[in-house]
Amino acid sequence: FRSPAVPPEERQQMMLTFLEANVCITRAEYARLTRVTDRCASSDLQEFLTEGVIRKRGGGRSVVYIKHQV
């Protein structure tokens, strides 16, 4: 049983709320938080990077995403 998908804008808001309380978020945490697949999480995060909402830190298996400080 899958819960209904959360719209992208809402997923972005959920992530930003999470980042208010936490320094960074991983793709796996994002997927769990927003209840999307890993593939969907990756594409969302890529989109947020492109929009400049978040920044990427680290590489490979240890990538984390942090809120873009303006």
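Residues numbered from 1 in each chain as written. Predicted model: local features only at pLDDT ≥ 70, side-chain atom pairs only at ≥ 80, totals over all residues. Heavy atoms only, no water.

Considering the overall build of the protein
Okay, so step 1: Scanning the protein from N- to C-terminus turns up 3 helices and 3 strands.
Okay, so step 2: Shown N-terminal to C-terminal, the secondary structure of the protein runs as helices and strands in the order α-β-α-α-β-β.
Okay, so step 3: Over its C-alpha trace the protein gives a radius of gyration of 11 Å, about what one expects of a compact globule, namely 11 Å for 70 residues.
Okay, so step 4: If one aligns the C-alpha atoms of the protein with their principal axes, the spans along those axes are about 35 × 25 × 20 Å.
Okay, so step 5: If you take every contact in the protein between residues at least 6 apart in sequence, the share linking residues at least 24 apart comes to 40%.
Okay, so step 6: Working note: accessible area of the protein is about 4900 Å², and carbon and sulfur atoms make up 52% of it.
Okay, so step 7: Taking the 11 positively charged and 8 negatively charged side chains of the protein as two groups, their mean positions are separated by 8 Å. (Helix = DSSP H or I, 4+ residues; strand = E, 2+ residues; numbered from the N terminus. Rg over C-alpha atoms; globule rule 2.2 N^0.38 Å. Contact = heavy atoms within 4.5 Å. Areas by Shrake-Rupley, 256 points an atom, 1.4 Å probe, with all protein chains shown as cover. Lys, Arg positive; Asp, Glu negative; His and termini not counted. Charge placed at Lys NZ, Arg CZ, Asp CG, Glu CD.)

Quick word on the confidence of the model for the protein
Okay, so step 1: Predicted confidence across the protein gives a mean pLDDT of 92, with 93% of residues reaching 70 or more.
Okay, so step 2: Mean pLDDT across the secondary structure elements of the protein bottoms out at helix α1 (residues 8-21), with 95, and peaks at strand β1 (residues 24-25), with 98. (pLDDT = per-residue confidence, 0-100.)

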